[in-house]
Amino acid sequence: MKELIIGSANFGQQYGILKNNILSIDKINKILLFAANNNIFKIDTSPIYGNAEKIIGSFLKSNKNIADRFKIITKIPKNLSSSISPEDSIEKMLEESLNNLSVKKIDTLMIHDVDDFCLILSDKIIKLLEEFKVKKLVNRIGMSIYNKRQYDELNSLLPVDLVQLPINILDQRMLSNGLLEELKGKLVEIHARSIFLQGMLFTKSNRIPKQLI
């Protein structure tokens, strides 16, 4: 099934190579309403995207008639709190995300930085993620990757339901290395990101950083 997902990286921070401006709350609300009116109900966000989760939560509170139709993807960020255990930090992060988003559950909890996550991964964390699903706080667990090695390394320890990966007209690595076919064979859902190279495919050449030309 092919669907569009609303990315929220610039809802609460400057985003991308071109440092695109933060969107105004008014513009964000218009984007989300436009998406809903066109049957686009998936939103990708993260606790590290400034106050993006709170902005989305405020929109959902103000539009209760359609709020239940939205499926939220948020992420376990890197550099979790060092003052408590990794599993407690993940649990606290999810609780805060649910509160900020004004929802009782999210569709997908994504591992944002696989290399960092593999350093802290333990049986306790695996059990915790399974409990999130049993308690219906989270429907699915996913990972966001940059290369096949990251997928292979984490998948050997923690098979996931969803993989987010970069692919666009200039970046075909995931096609050539066979990962897309492998995921398809395992019935793992695939989310394509960076499809416009953070907007650079539509950017005038004089605005592209010289080191990338």
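Owing to the predicted nature of the structure, the values given are computational and were not obtained by experimental measurement.

1. A few points about the overall build of the chain
Then, in step 1: When you go through the chain residue by residue, the secondary structure sums to nine helices and seven strands.
Then, in step 2: Considering the chain as a whole, with its 213 residues, one finds that 45% of them fall into the buried category.
Then, in step 3: Restricting to contacts in the chain with at least 6 residues of sequence separation, those with at least 24 account for 72%.
Then, in step 4: Accessible area of the chain: about 12400 Å², with a carbon and sulfur share of 52%.

2. Some details on a negative patch on the surface
Then, in step 1: A contiguous patch of negative charge, built from Asp-88, Glu-91, Glu-95 and Glu-96, is present on the exposed surface.
Then, in step 2: Within the secondary structure layout, Glu-91 lies in helix α4 (residues 86-101).

3. So, the pairing of strand β5 (residues 138-144)
Then, in step 1: With six of seven residues buried, β5 is to be regarded as a mostly interior element.
Then, in step 2: Alignment of strand β4 (residues 106-111) against β5, held across five bridges, turns out to be parallel. Residue pairing across strands places Leu-109 opposite Ile-141, the latter belonging to β5.
Then, in step 3: Pairing of β5 with strand β6 (residues 162-166), which is carried by three bridges, proceeds in the parallel orientation. When the sheet's bridge partners are listed, Ser-144 is paired in β6 with Gln-164.

4. Quick notes on the sheet that holds β4
Then, in step 1: Judged by pairing direction, the sheet is parallel, and its seven strands sit side by side in the order β1-β2-β3-β4-β5-β6-β7 without closing on themselves. The sheet is open, and its two borders are formed by β1 (5-7) and β7 (189-193), each paired with just one other strand. Averaged over all pairs of adjacent strands, the angle between strand axes in this sheet comes to 25°, irrespective of strand direction.

5. Comments concerning the pattern of salt bridges
Then, in step 1: In this structure the tally under the stated criterion is 14 salt bridges.
Then, in step 2: Of the charged contacts in the structure, one is a salt bridge between Asp-152 and Lys-148, with a shortest N-O distance of 3.1 Å. With Asp-152 and Lys-148 both in helix α7 (residues 148-155) and four residues apart, this pair spans about one turn of that helix.
Then, in step 3: Its relative accessible area of 22% is what places Lys-148 among the partly exposed residues.
Then, in step 4: Between Glu-182 and Lys-186 there is a salt bridge, and its shortest N-O distance comes to 3.1 Å.
Then, in step 5: By relative accessible area, which is 42% here, Lys-186 ends up partly exposed.
Then, in step 6: Several salt bridges share partner residues, and in doing so they unite Glu-3, Lys-42, Asp-107, Arg-140 and Glu-189 into one network.

6. Concerning the environment of Glu-130
Then, in step 1: On the secondary structure map, Glu-130 appears in helix α6 (residues 123-134).
Then, in step 2: Expressed as a C-alpha distance, the spacing of Glu-130 and Ile-141, which sit 11 residues apart in the sequence, is 8.8 Å.

7. A look at the packing of helix α2 (residues 52-62) against α4
Axes are the key here: two packed helices are described by the angle between their axes and the distance separating the axes.
Then, in step 1: Interhelical geometry of α2 versus α4 gives an angle of 45° and a closest axis separation of 6 Å. The orientation of α2 relative to α4 falls into the category oblique. Where α2 abuts α4, its residues Glu-53, Lys-54, Ile-56, Gly-57 and Leu-60 lie against Ser-97, Asn-100 and Leu-101.
Then, in step 2: Across the contact of α2 with α4, the residue classes tally to three nonpolar, three polar and two charged.

8. A few points about the packing of aromatic side chains
Then, in step 1: The tally for this structure, following the rule as stated, stands at two aromatic pairs.
Then, in step 2: Here Phe-41 and Phe-70 contribute two aromatic rings whose centre-to-centre distance is 5.1 Å and whose plane-to-plane angle is 75°, an arrangement assigned as edge-to-face. Taken together, the residues span a long stretch of sequence, with Phe-41 in the loop between α1 (25-37) and β2 (42-44) and Phe-70 in the loop between α3 (64-67) and β3 (71-76) at a distance of 29 residues.
Then, in step 3: When its relative accessible area of 11% is taken as the criterion, Phe-41 is described as buried.
Then, in step 4: Residue Phe-70 is classed as buried on the basis of its relative accessible area of 9%.
Then, in step 5: Plain terms: the ring middles of Phe-59 and Phe-70 are 5.9 Å apart, the flat faces sit at 90° to each other, and that makes the pair edge-to-face.

The rules we used
Residues numbered from 1 in each chain as written. Predicted model: local features only at pLDDT ≥ 70, side-chain atom pairs only at ≥ 80, totals over all residues. Heavy atoms only, no water. Helix = DSSP H or I, 4+ residues; strand = E, 2+ residues; numbered from the N terminus. Buried < 20%, exposed > 50% of the residue type's maximum accessible area, 1.4 Å probe, protein only. Contact = heavy atoms within 4.5 Å. Areas by Shrake-Rupley, 256 points an atom, 1.4 Å probe, with all protein chains shown as cover. Patch = residues over 30% accessible without salt bridge, like charges linked within 9 Å, V, L, I, M, F, W, Y side chains within 5 Å. Salt bridge = Lys/Arg side-chain N within 4 Å of Asp/Glu carboxyl O. Lys, Arg positive; Asp, Glu negative; His and termini not counted. Charge placed at Lys NZ, Arg CZ, Asp CG, Glu CD. Pairing = 2+ DSSP bridges. Axes fitted to C-alpha atoms, helices over the stretch in contact; angles between N-to-C directions. Parallel < 35°, antiparallel > 145°, perpendicular 65-115°, else oblique. Nonpolar A, V, L, I, M, F, W, Y, C, P; charged D, E, K, R; others polar. Phe/Tyr/Trp six-rings, centres within 6.5 Å; stacked < 30°, edge-to-face > 60°.

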